[in-house]
Amino acid sequence: MSAQGQAARPQHFVRGVACTLLGGTLWGFSGACAQFLLAGGYGLSPLFITSVRMLGAGLLFLAYMLAAKRGVLKAMLSDRPTMLRIAVFGVVGLFANQITYTVVIGYTNACTATELQCTGIAFVMVFTCFFARKLPKAKELAGLVLAVAATVLIATHGDLSTLAIPLPGLIWGIANGLACAFYIMYPKRMLERWGAVAVTGLGMLVGGAAATLLAQPWAAQVSLDGGGAAAL
């Protein structure tokens, strides 16, 4: 590796850590906004919020790709196998993750929903070990045990004789973890070929279109004040 490449690696790593922290912060903020909207008497459903958020994000990604990645976008759109995989990623991955997360917020709160979503990392480990046909390492197994224990504590608050959160919230939370694991693992090859912006952008656009067809937000009866509009 050249001296320039060696010098760039620490900077590249720091940028990655910064993006991770910012991504987590924005995700948490979006969850708090969803909780505010669901509890604010605006008449918004989880599906409505998800459709607006995903379609809006998809259109912003599309505008960026048309301006800066037109060649990549054209190549992806003309590659039928890629677009089929994008459709699966957008609907089964991104849309499923977004809608289940918002549904859990409706049953519980943004904090609990985010904690339950973190079970997705444990599912990633289980699926990786299964497909690789190998047992988890000791530290990985310990992480799995801790993840399961944390989920039990969230669901029961330490009293195993009762649930501290609604059962539908727990079930949707586990579904959210599975959807999270899927959208992390499924697009690996597409990310390597096309890049994160293009794959995420088209996935958001396709998933947002599917969500919009289901939600039909144009027919919803909603009443937004300034705070509700800002949160949405």
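Just so it is clear, the model here is predicted, and its values are computed rather than measured. (Residues numbered from 1 in each chain as written. Predicted model: local features only at pLDDT ≥ 70, side-chain atom pairs only at ≥ 80, totals over all residues. Heavy atoms only, no water.)

K.L.:
Can you help me understand the pattern of salt bridges in this one?
P.N.:
In a structure, side chains of opposite charge can pair up when their charged atoms sit close to one another. As enumerated under the stated definition, the model contains 2 salt bridges in all. Arg193 is the partner of Asp79 in a salt bridge, and the nearest nitrogen-oxygen pair spans 3.1 Å. Of the two residues, Asp79 sits in the loop between α3 (70–77) and α4 (80–107) while Arg193 sits in helix α9 (residues 188–194), which places them 114 residues apart along the sequence. Given the relative accessible area of 15%, Asp79 is considered buried. Given the relative accessible area of 51%, Arg193 is considered exposed. Residue Lys188 is joined to Glu192 by a salt bridge in which the shortest nitrogen-to-oxygen separation is 2.8 Å. Of the two residues, Lys188 and Glu192 both sit in helix α9, 4 residues apart, roughly one turn of that helix. Take Lys188 and Glu192: they sit in the same class, and that class is exposed. (Salt bridge = Lys/Arg side-chain N within 4 Å of Asp/Glu carboxyl O. Helix = DSSP H or I, 4+ residues; strand = E, 2+ residues; numbered from the N terminus. Buried < 20%, exposed > 50% of the residue type's maximum accessible area, 1.4 Å probe, protein only.)

K.L.:
Looking at this structure, I do not really get helix α5 (residues 110–117). What am I missing?
P.N.:
Given 3.6 residues per turn, any residue in an α-helix points the same way as the ones three and four places further on. Among all positions of α5, only Ala110, Thr112, Ala113, Leu116 and Gln117 are buried. The arc that holds every buried residue of α5, seen down its axis, measures 165 degrees, which confines them to one face. Its side-chain oxygen at 3.1 Å from the backbone nitrogen of Cys111, Asn109 defines the N-terminal cap of α5. (Arc of directions from axis to C-beta. Polar contact = N/O pair within 3.5 Å; in protein donor to acceptor, adjacent residues only side chain to side chain.)

K.L.:
How do you make sense of the packing of helix α2 (residues 46–68) against α4 when you look at a structure like this?
P.N.:
Packed helix pairs are characterised by how far apart their axes lie and by the angle those axes make with each other. Running from amino to carboxyl end, α2 crosses α4 at an angle of 130 degrees, the nearest separation of the two axes being 9 Å. Here α2 lies oblique to α4, going by the angle between them. Crossing handedness for the pair α2 and α4: right-handed. Together, Pro46, Leu47, Thr50, Arg53 and Met54 of α2 and Gly90, Leu94, Phe95, Gln98, Ile99, Tyr101, Thr102 and Val103 of α4 make up the contact between the two elements. (Axes fitted to C-alpha atoms, helices over the stretch in contact; angles between N-to-C directions. Parallel < 35°, antiparallel > 145°, perpendicular 65-115°, else oblique. Left-handed = near helix turned anticlockwise from the far one by under 90°. Contact = heavy atoms within 4.5 Å.)

K.L.:
How should unusual backbone geometry be read in this particular structure?
P.N.:
Most peptide bonds adopt trans geometry, and most residues besides glycine take a negative phi value. You will see that Arg133, though not glycine, has its phi angle at about 55 degrees, which is positive. Residue class for Arg133 comes out exposed when judged on its relative accessible area of 81%. Here the phi dihedral of Gln216 falls at roughly 45 degrees; this positive angle occurs in a residue that is not glycine. Mapped onto the fold, Gln216 is located in the loop between α10 (196–215) and α11 (226–231).

K.L.:
I'm lost on the packing of helix α6 (residues 119–132) against helix α8 (residues 167–185) in this one. Help?
P.N.:
Put simply, α6 and α8 touch, their axes get as near as 8 Å, and they point 55 degrees apart. The angle between α6 and α8 falls in the class oblique. In the crossing of α6 with α8, the sense of the turn from one axis to the other is right-handed. Of the residues in α8, those touching α6 at Thr119, Gly120, Ile121, Phe123, Val124, Phe127 and Thr128 are Gly173, Ile174, Gly177, Leu178, Cys180, Ala181, Ile184 and Met185. Per-class residue counts for the contact of α6 with α8 are 10 nonpolar, 5 polar and no charged. (Nonpolar A, V, L, I, M, F, W, Y, C, P; charged D, E, K, R; others polar.)

K.L.:
Would you take a moment to explain the nonpolar core for this structure?
P.N.:
The tendency in soluble globular proteins is for nonpolar side chains to be buried side by side. Formed by 18 residues in total, the largest nonpolar core has its most connected members in Met76, Ile86, Met190, Trp194, Val199 and Leu202. Elements supplying a minimum of two residues to this core: α2, α3, α4, α9 and α10. Among residues more than four places away in sequence, those in contact with Met190 are Thr82, Arg85, Ile86, Phe89, Gly195 and Val199. One finds Ala110, Leu116, Ile165 and Leu170 within the second-largest nonpolar core, a separate group that totals 11 residues. (Core = buried A, V, L, I, M, F, W, Y, C linked by side-chain atoms within 4.5 Å.)

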